[in-house]
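So you can see what is in the structure, the chains are spelled out below.
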Amino acid sequence: MCGIVGYVGDKNAYPILIKGLHRLEYRGYDSAGVAMISDEGRLNVYKTKGKVSALEHYAENKDISGTIGIAHTRWATHGEPNDLNAHPHYSENGSIALIHNGIIENYGVIKTMLSEKGYTFRSDTDTEVLVQFIAYLRAENHCTLFEAVQAALNQVIGAYAIAVLDKDNRDEIIAARKSSPLVVGIGEGEYFLASDATPICEYVKDVVYLNDGEIAIINRHKPLKVYNLNNIESKIDIRKIEMNISELEKGGYPHFMLKEIFEQPRTITDCIRGRINLEGTNVILSGILDNKDKFLNARRIIFVACGTSWHAGLIGEYLFEDLCGIEVKVEYASEFRYRNPVIQPGDVVIAISQSGETADTLAAIELAKSKGAFVYGICNVVGSSIARATHSGTYIHVGPEIGVASTKAFTGQVTVLVMMAMVIAEMKGRISKDKYEAVLRELLAMPESIKHILAQHEHIKDIAAIFTYARNFLYLGRGYNYPTAMEGALKLKEISYIHAEGCPAAEMKHGTIALIDNEMPTIVIATNGSVYEKTISNIQEIKARGGKVIAVVNEGDEIVSKMADYCICVPSVEECLTPLLSSIPLQLFAYYIAVNKGRNVDQPRNLAKSVTVE
Ligand code: F6R
């Protein structure tokens, strides 16, 4: 939820920290701050409400010297976003500074205890309580910073990724994680620290992902040391990052979201690369083949996910029932984790997450594992917590998604789900050769089909201009396109702040139709398929009530195109692949409306890319 960066080495820390914060700004942008030990040995803390650019402005003409520092960009949980609540927080005696991503649940008890001992607090945050607690334990026990952090973390309840700096030790950062991600980059005589690899990849390729309950001693003169809360030293597992710097830049586009929408022909290619044999006749997914029995004997598949990834799960429901004949449930991870869900032998849980860090999805996975389920992950971020917590999985490989609104990750998730369903359907003998070949052929042609839709961006932009006035939108779809309609509505809501509802087209007449008038436009996905005719009736019902209709139809459509006010054409494909195409114009439509309204498309209000708190 918040972004953490740290550096210790022989370079000036400040530019590295600021650049890192910009890369992590998608994780939170309520306030930002930095703590550095200056060349003169002072602990300088600069922090301010607003974005990282506000921090840069604030720090102008201040002492930004020093080769060690930590920095933070915040998405507020405790305390409103203001200068005081911004991180870093520091101890009363000004010697220890700390940044934190997560929530300390028992901060109230600790705060009361410290207050009784005379400690005072400047902010409303749980984080300030933690840094004061560490300072208190250090003074009480006359111990090192590492020992004080370890003692404190043994007493706190909650989720955290933290980095701690001590004014009297210019060589060392102490970092720890539980349920919030943290990665250490290892260079020559220097270390980097961050919530994910994006701020690190331009400097080093060797990284260590900290595990839950681990504390790292990051000392510029010494090899990295990692211990658990019981002081047992952990084995250092160095991984290589393959991220490319150009993937983190806008590449000439005005927003990351637009870049990511336009990247989809390539990201789908990356997603299927190496998973379809050279002859183009077979899908090969090692995660499924390695666990063949689990999938062949699956009694039920339960998808757990949140937001856009949950919509991908809904498409998975159609795919796995339709192609594989397996019963499917789709669960909001946040609900699943707090129920007492029935998991039986033979149930396979599939967790879907772009970031691989969503707290609710992670908790749902742990619950499913504790009940004996086999858990499979579909993630984008390599080495993420969910990728590591699941028994096996498939990466979507669409590259870093920076825009807060998920676009290319969604189509990557659906592509993986299609491939999984094909492999399982074939293993079960449930798919005909003709159908298998047709789906595969169209999957391979998907990048070209998407390019074809992207080429209509000016047309979509024009339609968006006509409807930017609207205060409410309805999105309708049936069958495979019902989840797509939900996803289209979510895209519009999150970046334009226009209210939008996604609804199964036929459900409309059970209530939602009451909303229809000439001020509430409806987007209807009416591509060919088993429910095409039914959808036509739904369009007639809207038109009869004076509603405006924007329809997503197949090229050559003759019926809906005469009824709808505006049409956007997508190529005709096998029904199970339609979400991959019909979602693209909806992404563009939401994007152009948001731009017309002057919204901050990449960093919409109140949202953050990675939701690592409940
Ligand atoms: C919407 C969006 C969110 C995420 C959700 C889950 O555009 O991005 O709804 O889909 O927060 O995130 P992940 O997929 O990272 O678990």
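Residues numbered from 1 in each chain as written. Predicted model: local features only at pLDDT ≥ 70, side-chain atom pairs only at ≥ 80, totals over all residues. Heavy atoms only, no water.

## A word on the site of the ligand
We apply this condition: What makes a residue near a molecule or strand is one non-hydrogen atom of that residue sitting within 4 Å of it. The definition of a polar contact used here is a pair of N or O atoms within 3.5 Å, where within protein one atom must be able to donate a hydrogen and the other to accept one, and adjacent residues in sequence count solely through side-chain atom pairs. Where accessible areas are quoted, they stem from the Shrake-Rupley method and a 1.4 Å probe; at the residue level, only the protein chains shown are allowed to cover. Strands here are runs of E lasting at least two residues and helices are runs of H or I lasting at least four, both read from the DSSP assignment and numbered beginning at the N terminus. The domain limits used here are those given by an automatic or database domain assignment.
Around the ligand, a shell composed of 14 residues is seen, among which Ser309, Ser353, Ser355, Thr358 and Glu494 lie nearest. Val404 is positioned such that a nitrogen or oxygen atom in its backbone is 3.4 Å from an oxygen atom of the ligand. In this structure, an oxygen atom belonging to the ligand sits 3.0 Å away from a side-chain N or O atom of Lys491. Protein burial of the ligand: of its 400 Å² of free accessible surface, 89% is covered by the chains. Those elements giving two or more residues to the shell around the ligand turn out to be helix 10 (307-324) and helix 18 (481-496). For the shell around the ligand, the two domains that each supply at least three residues are domain 2 (245-444) and domain 3 (455-602).

## Describing the sheet that holds strand 5 (residues 89-90)
For clarity, the threshold we go by: Strands were regarded as paired on the criterion that DSSP finds at least two bridges between them. Pairs of residues are marked as contacts when any of their non-hydrogen atoms sit within 4.5 Å. Geometry is summarised by axes, namely lines fitted to C-alpha atoms with helices restricted to the contacting stretch, and by angles between N-to-C directions that run from 0 to 180 degrees.
The strand order across the open sheet built from 6 strands is 5-6-7-8-12-13, with neighbouring strands paired in antiparallel fashion. Where the open sheet ends on each side, the last strands, each with one partner, are strand 5 and strand 13 (225-228). Docked against the sheet, helix 4 (residues 126-141) engages strand 5, strand 6 (96-104) and strand 7 (158-166), running at close to 130 degrees with respect to strand 6.

## Some words on the side chain of Arg337
Where we set the bar: Buried, partly exposed and exposed residues are distinguished by accessible area as a fraction of the type maximum, computed with a 1.4 Å probe on protein chains only: under 20%, between the cut-offs, and over 50%, respectively.
Assignment of secondary structure puts Arg337 in the loop between helix 11 (333-336) and strand 17 (347-353). The class of Arg337 is buried, set by a relative accessible area of 18%. Beyond its immediate chain neighbours, meaning those up to four positions away, Arg337 contacts Ala359, Asp360, Ala363, Ala364, Leu367 and Glu614.

## Thoughts on the sheet that holds strand 16 (residues 327-332)
Taken together, the 5 strands give an open sheet; going across it, the order is 16-15-17-18-19, and neighbouring strands pair in parallel fashion. Lying at the two open borders of the sheet, with one neighbouring strand each, are strand 16 and strand 19 (392-395). This sheet shows a mean twist of 20 degrees between the axes of neighbouring strands, independent of strand direction. One ladder, built from 4 bridges, connects strand 18 (residues 374-379) with strand 19; its direction is parallel. Across the sheet, the residue bridging to Tyr376 is Ser392, located in strand 19. Across the sheet, helix 12 (residues 359-370) is in contact with strand 15 (300-305), strand 17 and strand 18; its angle to strand 17 comes to roughly 165 degrees.

## What about the environment of Lys451?
With respect to the element layout, Lys451 can be found in helix 16 (residues 446-454). The class of Lys451 is partly exposed, set by a relative accessible area of 43%. Within polar-contact distance, the side chain of Lys451 engages the side chain of Glu448 at 3.0 Å.

## What to know about the domain arrangement of the chain
Rules: Note: buried area is the sum, over both parts, of the accessible area (probe 1.4 Å) each one loses when the two are combined. Salt bridges are identified by distance alone: a Lys or Arg side-chain nitrogen within 4 Å of an Asp or Glu carboxyl oxygen. By the convention adopted, Pro, Cys, Tyr, Trp, Phe, Met, Ile, Leu, Val and Ala count as nonpolar, Lys, Arg, Asp and Glu as charged, and the other residues, Gly among them, as polar.
Structurally, the chain comprises domain 1 (3-241), domain 2 (245-444) and domain 3 (455-602). Placing a centre on the C-alpha atoms of domain 1 and another on those of domain 2 gives a separation of 33 Å. Contacts between the two partners involve 11 residues from domain 1, matched on the other side by 11 residues from domain 2. Interface area for domain 1 against domain 2, summed over the two sides, is near 1,000 Å², with a carbon-plus-sulfur share of 57%. Area buried by domain 1 at its contact with domain 2 is led by Arg23, Tyr26 and Tyr209, which between them contribute 42% of it. Glu249 serves as the salt-bridge partner of Arg23, at 3.6 Å between the closest nitrogen and oxygen. Summed over the shared surface of domain 1 and domain 2, the number is 3 residue pairs in polar contact (both at pLDDT 80 or more). Its residues assigned to classes, the side of domain 1 that touches domain 2 shows 6 nonpolar, 2 polar and 3 charged.

## Quick notes on the pairing of strand 13
With 4 bridges joining them, strand 12 (residues 214-219) and strand 13 adopt antiparallel strand pairing. Within strand 13, the residue paired with Glu214 across the bridge is Asn228. Hairpin remark: strand 12 followed by strand 13, antiparallel, with 5 residues in the connecting loop.

## Some words on the nonpolar core
Selection rule: Note on terminology: a nonpolar core comprises buried Ala, Val, Leu, Ile, Met, Phe, Trp, Tyr and Cys residues joined through side-chain atoms within 4.5 Å.
In this structure, Leu319, Phe320, Ile350, Met420, Phe473, Tyr475 and Phe589 are the most contacted members of the largest nonpolar core, which totals 94 residues. At 13 residues, helix 14 (residues 408-427) tops the list of elements feeding residues into this core. Among the domains, domain 2 (245-444) and domain 3 (455-602) are the pair contributing at least three residues each to this core. Not counting the four nearest positions on each side in its chain, Leu319 is found in contact with Cys324, Leu417, Val418, Ala421, Tyr480 and Cys576. One finds Tyr14, Leu21, Tyr209 and Leu248 within the second-largest nonpolar core, a separate group that totals 33 residues.

## A closer look at the pattern of salt bridges
With the rule as written, the count across this model stands at 32 salt bridges. A salt bridge links Glu263 to Lys408; its shortest N-O distance comes to 2.8 Å. One end of the pair, Glu263, is in the loop between helix 6 (256-262) and helix 7 (264-272); the other, Lys408, is in helix 14, with 145 residues separating them in the sequence. As far as the burial class goes, Glu263 and Lys408 line up, both buried. Across the pair Glu574 and Lys435 runs a salt bridge whose closest N-O atoms are separated by 3.7 Å. Of the two residues, Glu574 is situated in the loop between strand 24 (566-570) and helix 21 (578-596) and Lys435 in helix 15 (residues 433-444); the sequence distance between them amounts to 139 residues. The class for Glu574 is partly exposed, based on a relative accessible area of 23%. Counted as one network, the salt bridges with shared partners bring together Lys259, Glu263, Arg266, Asp270, Arg273 and Lys408.

## Thoughts on the state of the cysteines
Test applied: The disulfide criterion used throughout: a pair of cysteine sulfur atoms within 2.5 Å.
Here the structure, examined in full by the defined rule, presents 0 disulfides. Note on Cys2: no disulfide assigned, nearest cysteine sulfur contributed by Cys306 at a separation of 18 Å. Classification of Cys2 as buried rests on a relative accessible area of 5%. Sulfur of Cys271: no disulfide; nearest cysteine sulfur belongs to Cys379 and is 13 Å away.

## Thoughts on the environment of Asn228
Along the chain, the position of Asn228 falls in strand 13. Among the residues examined, Asn228 registers a relative accessible area of 22% and is labelled partly exposed. When the C-alpha atoms of Asn228 and Gly213 are compared, they prove to be 5.6 Å apart, with 15 residues separating the residues in sequence. Once residues lying within four places of it in the same chain are set aside, the contact partners of Asn228 are Gln150, Gly213, Glu214 and Ser234.

## Topic: the packing of aromatic side chains
This is how it is decided: A pair of aromatic rings is counted whenever rings of Phe, Tyr or Trp (Trp by its six-membered ring) have centres within 6.5 Å, and the orientation is called stacked for planes under 30 degrees apart, edge-to-face for over 60 and tilted otherwise.
Per the counting criterion, the structure on display carries 19 aromatic pairs. Between Tyr46 and Tyr58, the ring centres sit 6.5 Å apart and the planes meet at 65 degrees, which makes this aromatic pair edge-to-face. Note that Tyr46 is positioned in strand 3 (residues 43-49) and Tyr58 in helix 2 (residues 52-59), a separation of 12 residues in sequence. Between Phe303 and Phe320 the ring centres are 5.7 Å apart and the planes differ by 70 degrees, which places this aromatic pair in the edge-to-face class. Of this pair, Phe303 sits in strand 15 while Phe320 sits in helix 10; the two residues are 17 residues apart in sequence, bridging distant segments of the chain. The exposure class of Phe303 is buried, given its relative accessible area of 0%. Here Phe320 falls in the buried class, since its relative accessible area comes to 0%. Every member of this aromatic cluster is reached through a ring pair, and the members are Phe467, Tyr469, Phe473, Tyr475, Tyr566 and Phe589.

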